[in-house]
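What follows is the residue order along each chain.
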Amino acid sequence: MSSDQPWPWRMLVSGVFEDAWLTATGDERQQAYVNLIAIHRNWQSQGARMICTMDDLGSAGRPGTERANFYEIWEIPSPEIVHDLLDQVWSNKHGCPLTAHFSLRVSLGKPIISMERDLGGPQLATTATAEGEMPPVPYNTD
């Protein structure tokens with residue numbers, strides 16, 4: 001957040017499962033997930049900060065045009081970095097582009113300052129754990 005801007009930029013990412021995800025084997029899904037995490041870690045290295053995620057339990061398969069399968073909220077330093085963040089999703093530099101498995105739609109905005117103020121600001125989310133989730137992706141140490 002710059003000193004002349006009193007609030008952070010927020011980015012809502014709406015993710016939709018594509019055919020390659022819906023028809024993938026468990027190993028193929030795991031590899032797509034590893035690629036998604038690698039891209040998100042790169043976003044973090046560019047100053048993006050994940051605020052929270054949500055799996056939309058009201059959707060299965062393709063949810064239609066108004067909804068998504070999952071959502072992510074990020075705090076970003078500037079809207080100017082969004083193209084660079086999304087460019088990694090479309091790239092086939094490391095094999096199949098992530099867009100074969102996921103479509104990501106992005107909305108940009110700012111916090112609702114008065115609501116956050118009156119409700120005590122953003123709160124830390126509870127870190128969830130559950131059986132059946134994807135295995136942890138270790139940080140690449142090379």
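Everything below is about the structure printed above this text.
Residues numbered from 1 in each chain as written. Predicted model: local features only at pLDDT ≥ 70, side-chain atom pairs only at ≥ 80, totals over all residues. Heavy atoms only, no water.

**What about the sheet that holds strand β4 (residues 102–109)?**
Here is step 1 of the chain: Ordered in space as β2-β3-β1-β4, the four strands form an open sheet in which the pairing is antiparallel. Each having just a single partner strand, β2 (49–55) and β4 make up the two edges of the open sheet. Pairwise comparison of adjacent strand axes, ignoring direction, gives a mean angle of 20 degrees for this sheet.
Here is step 2 of the chain: Where β2 lies against strand β3 (residues 70–76), six bridges are found, and the strand directions are antiparallel. (Pairing = 2+ DSSP bridges. Helix = DSSP H or I, 4+ residues; strand = E, 2+ residues; numbered from the N terminus. Axes fitted to C-alpha atoms, helices over the stretch in contact; angles between N-to-C directions.)

**A short note on the environment of Leu 22**
Here is step 1 of the chain: Structurally, Leu 22 is set in helix α1 (residues 19–22).
Here is step 2 of the chain: The class for Leu 22 is partly exposed, based on a relative accessible area of 34%.
Here is step 3 of the chain: Between the C-alpha atoms of Leu 22 and His 101, which are 79 residues apart in sequence, the distance is 7.9 Å. (Buried < 20%, exposed > 50% of the residue type's maximum accessible area, 1.4 Å probe, protein only.)

**Comments concerning the nonpolar core**
Here is step 1 of the chain: If you look at the biggest cluster of nonpolar residues, it comprises 20 residues, and the most contacted ones within it are Met 11, Trp 43, Trp 74, Ile 76, Phe 102 and Leu 104.
Here is step 2 of the chain: If you list the elements that add at least two residues to this core, you get β1 (9–17), α2 (26–45), β3, α3 (82–90) and β4.
Here is step 3 of the chain: Discounting chain neighbours no more than four positions away, the residues touching Trp 43 are Met 11, Val 13, Ala 48, Glu 72, Trp 74, Leu 85, Leu 86, Gln 88, Val 89 and Leu 104. (Core = buried A, V, L, I, M, F, W, Y, C linked by side-chain atoms within 4.5 Å. Contact = heavy atoms within 4.5 Å.)

**Details of a nonpolar patch on the surface**
Here is step 1 of the chain: Residues Ile 112, Met 115 and Leu 119 make up a contiguous nonpolar surface patch of roughly 330 Å² in combined accessible area.
Here is step 2 of the chain: Among the structural elements, Leu 119 can be located in the segment after α4 (113–118). (Patch = residues over 30% accessible without salt bridge, like charges linked within 9 Å, V, L, I, M, F, W, Y side chains within 5 Å. Areas by Shrake-Rupley, 256 points an atom, 1.4 Å probe, with all protein chains shown as cover. Salt bridge = Lys/Arg side-chain N within 4 Å of Asp/Glu carboxyl O.)

So, to be careful, I would describe these as geometric facts and stop short of saying anything about function.
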